[in-house]
Amino acid sequence: MSTKKHAEIAGAGFSGIASAIALTQRGWSVRVHEASPHLRAFGAGIFIWDNGLHVLDALGAYQDVLNGAFAAPAYETRTNGECTSYQAINSPGNLRLLTMTRQHLYQSMLSAAQRLGIEFVTSSEAVGASPEGELWLADGSRLKADLVIGADGVKSKVRDALDIPMERERYRDGLTRVLTPRLSLKGGKWDNVIDFWSIRPERTLRILYTPSGEDVLYMAMMAALDDGEASSIPVRPAVWVEAFPELRPVLEAIGDTGRYDVYEKTVLQRWSSGKVAIVGDSAHAMPPTLAQGAGCAITNALGLAVALEEAGSLEEGLQLWERRERPLTDHTQGRASALAASRDLSAGMDWDDIGLKAARHIPTGTSATFSL
Ligand SMILES: Cc1cc2nc3c(=O)[nH]c(=O)nc-3n(C[C@H](O)[C@H](O)[C@H](O)COP(=O)(O)OP(=O)(O)OC[C@H]3O[C@@H](n4cnc5c(N)ncnc54)[C@H](O)[C@@H]3O)c2cc1C
């Protein structure tokens, strides 16, 4: 009889795939349930800082991520046309920050999982779970496991079935995320990540201009939820060209793609209940002001598998996991939320900021000597 421990995982997003790989690497059998009919990423582009790159290396996905990601030479902020901060990145002695399409990151992680033979079941929606270690599916089945993982995102049904006390907050701003061709915006300053702000009495707008591949540009376009014109989909280029005339060609290339998501935060009183662990956005969604949501999600997914390997029992492992990983996640989430509420990033990114503590952290289960 097999003595392998078994995990049922709800959600094949970044945290579900990372959990599945990290557990499989430590001898578990796992099965991942994805509600959508296809395995693919949602959204446009993504930033992955040093900490996330360390985790991707430990998960066996880093080389694939590197091939096709973009390493900008600098990160600058420009507010009302003035440079308010400028920092070299991705060079010796500086922080590493890769930008890429979400689909590229997703496919790299999925390939690493598939190389390990991990089972994915699509169109398999979780509707809840019990602390006794049962995952409930929409088709009525109840799957027993040594560990159930709720990695089913910000609207997690697994989490909600457990009645863990939770705090939720929404903010005044949100982002429309789009991908366009880079067109003429290439070379020199146009290879930098540029955080453009336009602050005027009538409205504040921001475009996080992000080269994400040789010919792909990701733009995260911030507007207040109550600014109907600037938060509407499809994007109205005229509203944005008026604030950021330099970006006219790419703004006019957006077409009817894109989606607007308001900033939100979820804080759980605890990250587990009985034999169920809650991982990623389902446990700690945060505003994207520090671009650390997925970084923290995959860090904590790996940290969970490591803690379970170290501890003598599941209960001890879950406690060790939360004790070890949670302080940095809480800290990062708190700082990301403060920046979302204050819009202080318009004054420039502070590269000594406490908010970059996560980016500088060497995650549990990764190699401090891993050379990026
Ligand atoms: C505007 C914006 C920009 C961001 N930018 C960055 C960034 O640059 N860098 C960064 O690190 N983070 C960023 N984030 C955060 C990042 O997107 C999330 O932290 C990350 O996607 C969380 O991954 P996850 O796997 O926990 O959840 P998700 O990505 O939401 O994945 C959940 C998965 O579960 C599936 N699912 C949902 N419900 C069920 C169910 N009931 N049963 C089965 N499957 C289900 C979904 O289809 C999905 O595949 C950003 C977020 C936003 C909103």
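Let me begin by describing the structure that accompanies this report. Every value quoted in this text rests on a predicted model; they were computed, and no experiment measured them. (Residues numbered from 1 in each chain as written. Predicted model: local features only at pLDDT ≥ 70, side-chain atom pairs only at ≥ 80, totals over all residues. Heavy atoms only, no water.)

1. Description of the environment of Asp191
Here is the rule we go by: In this description a helix means any DSSP run of H or I spanning at least four residues, a strand means any run of E spanning at least two, and both kinds are numbered starting from the N terminus. Whether two residues are in contact is decided by their heavy atoms, any of which lying within 4.5 Å being enough. Distance and chemistry together define a polar contact, namely a pair of N or O atoms within 3.5 Å, with one atom able to donate a hydrogen and the other to accept it when in protein, and with adjacent residues in sequence counting only for side-chain atoms on both sides.
Looking at the element boundaries, Asp191 is found in the loop between β12 (166–181) and β13 (193–199). Between the C-alpha atoms of Asp191 and Thr210, which are 19 residues apart in sequence, the distance is 8.3 Å. Residues within four places of Asp191 in sequence aside, it is in contact with Phe70, Ala72, Pro73, Arg182, Lys186 and Pro211. At a separation of 2.7 Å, a polar atom in the side chain of Asp191 contacts the side chain of Arg182.

2. What about the sheet that holds strand β10 (residues 142–144)?
Definition in use: Following DSSP output, two strands are said to pair if at least two bridges run between them. A fitted line through C-alpha atoms represents every axis, and for helices the fit uses only the stretch in contact; the resulting angles, taken between N-to-C directions, go from 0 to 180 degrees.
In spatial order, the strands read β8-β9-β10; together these 3 strands make up an open sheet with antiparallel pairing. What marks the edges here is a single partner per strand, and that holds for β8 (126–130) and β10. Looking at each pair of strands side by side, their axes are set apart by 25° on average, direction ignored.

3. Some words on the packing of helix α9 (residues 293–310) against helix α10 (residues 314–342)
For the record, the criterion: Put simply, angles under 35 degrees are roughly parallel, angles over 145 are roughly antiparallel, angles from 65 to 115 are roughly perpendicular, and the rest are oblique. When the near helix sits turned anticlockwise from the far one by under a right angle, the crossing is termed left-handed; a clockwise turn instead gives a right-handed crossing.
For the pair α9 and α10, the least separation of the axes is 8 Å and the interaxial angle reads 155°. Taken together, the axes of α9 and α10 lie roughly antiparallel to each other. Here α9 runs over α10; the crossing is right-handed. Between α9 and α10, the contacting residues are Cys296, Thr299, Asn300, Gly303, Leu304, Val306, Ala307, Leu308 and Glu310 on the first element and Leu314, Gly317, Leu318, Leu320, Trp321, Arg324, Glu325, Thr329 and Thr332 on the second.

4. Some words on the pairing of strand β15 (residues 216–224)
The condition is simple: Using a 1.4 Å probe on the protein chains alone, a residue whose accessible area is under 20% of its type maximum counts as buried, one over 50% counts as exposed, and one in between counts as partly exposed.
Of all 9 residues in β15, 8 are buried, a share of seventy percent or more. With 6 bridges joining them, strand β14 (residues 204–211) and β15 adopt antiparallel strand pairing. The residue bridging Tyr209 from the neighbouring strand is Met219, located in β15.

5. Remarks on helix α2 (residues 50–58)
When you tally the buried positions in α2, you get 7 out of 9 residues, the bulk of the element. Among the residues of α2, those classed as buried are Asp50, Asn51, Gly52, Leu53, His54, Val55 and Leu56. Along its buried surface, α2 packs onto β3 (45–49), α3 (62–66), β6 (97–101), α4 (102–115), α9 and α11 (357–360).

6. Quick notes on the pairing of strand β4 (residues 74–79)
A large share of β4 lies buried, amounting to 6 of its 6 residues. Burial along β4 is two-sided: Ala74, Glu76 and Arg78 and Tyr75, Thr77 and Thr79, pointing in opposite directions, are all buried. Two elements, β4 and strand β5 (residues 82–88), share 6 bridges in a ladder whose sense is antiparallel. Bridging from a neighbouring strand, Ala74 pairs with Ala88 of β5. Hairpin geometry of β4 and β5 is characterised by an intervening segment of 2 residues between the two adjacent antiparallel strands and by a positive phi of about 50° at Asn80. The pairing of β4 with β13 spans 5 bridges and is parallel. Paired with Thr79 across the bridge in β13 is Trp197.

7. Comments concerning the pattern of salt bridges
Condition: Salt bridge, as used here: a side-chain nitrogen of Lys or Arg that lies within 4 Å of a carboxyl oxygen of Asp or Glu.
Taken as a whole, this structure holds 25 salt bridges when the rule is applied. A salt bridge links Arg142 to Glu134; the nearest nitrogen and oxygen atoms lie 3.5 Å apart. Connected through shared salt-bridge partners, Glu76, Arg78, Lys189 and Glu246 make up one network.

8. Topic: the sheet that holds β4
Strand order in the open sheet formed by 7 strands is β5-β4-β13-β14-β15-β12-β16, with mixed pairing between adjacent strands. The open sheet terminates on both sides in strands that have one partner only, identified here as β5 and β16 (259–268). Looking at each pair of strands side by side, their axes are set apart by 20° on average, direction ignored. Taken strand by strand, α10 contacts β12 and β16, and its axis lies near 135° from that of β16.

Nothing here speaks to function; it is all geometry.
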